[in-house]
Amino acid sequence: LRYELVKAKIIGYTQGPQRVFQRYPSSNSSMPARYARAVAMYRRGDIKNAIPLLDGLTDELPQNPYFWELKAQALLESGQPERGIPSIKKARELLPNNGLLQILHAQLLLGVGGKANADQALKLLILSKKTEGDSPAVAKLQAQAHSEKGDPARADLAAAEYAFSSGDRELAIEKATAAQKRFKK
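Keep in mind that this is a model prediction, so the values were computed, not measured. (Residues numbered from 1 in each chain as written. Predicted model: local features only at pLDDT ≥ 70, side-chain atom pairs only at ≥ 80, totals over all residues. Heavy atoms only, no water.)

Participant: So what's going on with the pattern of salt bridges? Residues and values would help.
Facilitator: Considering all chains together, one arrives at 10 salt bridges under this definition. Here lysine 90 makes a salt bridge to glutamate 93, at a shortest N to O gap of 3.4 Å. Remark: glutamate 93 and lysine 90 occur in helix α6 (residues 81-94); sequence separation between them is 3 residues, near one turn of the helix. Between lysine 149 and aspartate 119 there is a salt bridge, and its shortest N-O distance comes to 2.7 Å. (Salt bridge = Lys/Arg side-chain N within 4 Å of Asp/Glu carboxyl O. Helix = DSSP H or I, 4+ residues; strand = E, 2+ residues; numbered from the N terminus.)

Participant: Any chance you could break down the environment of aspartate 46 for me, citing the residues and the numbers?
Facilitator: Along the chain, the position of aspartate 46 falls in the loop between α3 (31-43) and α4 (47-60). Overall, the relative accessible area of 16% leaves aspartate 46 in the buried class. As for aspartate 46 and serine 78, which are separated by 32 residues in sequence, their C-alpha atoms are 9.1 Å apart. (Buried < 20%, exposed > 50% of the residue type's maximum accessible area, 1.4 Å probe, protein only.)

Participant: Before we move on, could you go through the environment of alanine 74 and cite the residues and values that matter?
Facilitator: Within the fold, alanine 74 resides in helix α5 (residues 65-77). The spatial distance from the C-alpha of alanine 74 to the C-alpha of glutamine 22 is 22 Å, given a sequence separation of 52 residues. Here alanine 74 is in contact with Tyr42, Ile47 and Ile51, once residues within four sequence places are set aside. (Contact = heavy atoms within 4.5 Å.)

Participant: Summarise α3; cite the residues concerned and give the values.
Facilitator: Taking 1.5 Å per residue, 13 residues should reach 18 Å; α3 reaches 18 Å between its end C-alpha atoms and fits that length. Most of α3 sits out of view: 12 of its 13 residues are buried. All of the buried residues along α3 are Met31, Pro32, Ala33, Arg34, Tyr35, Ala36, Arg37, Ala38, Val39, Ala40, Met41 and Tyr42. Buried residues along α3 sit against α1 (2-14), α2 (17-23), α4 and α5. At the exit of α3 stands glycine 45, carrying a positive phi of roughly 85°. (Expected span 1.5 Å × (residues − 1).)

Next up, the structure:
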């Protein structure tokens, strides 16, 4: 089953929705088929139909963190981050040290907003660096979190890190200079 689920996930992400639905028609009610269709629906923005499939998968195999992760991601990308929080918490309960899940959790918290969520997001982003290392995505989210907290100096510093790691030297210098000025105040 594990191999078939991995295969279905890869097909769902790499094939166009039309091909996924041909390979895994709705008449196929196997878990891998429902997973592939849920991924394909999510990718084409059909959250309304993806979520019930994911709910069925999480009910049937609640110990699979990737079902929970996909549900959280789908809800985040459909503008419903608050609805994705319970799903990412469940995924992280199953894989507590997974940096990608920590980053997704931080994104959901920042999507909901508020200083307390920004604080929690920053803690998760720091934890994520243990397994994922420094990345432009993490720096960008850190900038967003510091901004949400009302800390423009740290937001500029994180934005400088993001720009530098993305190859935008000019913006990195601009943001680093702005951060330096703010820290001096």
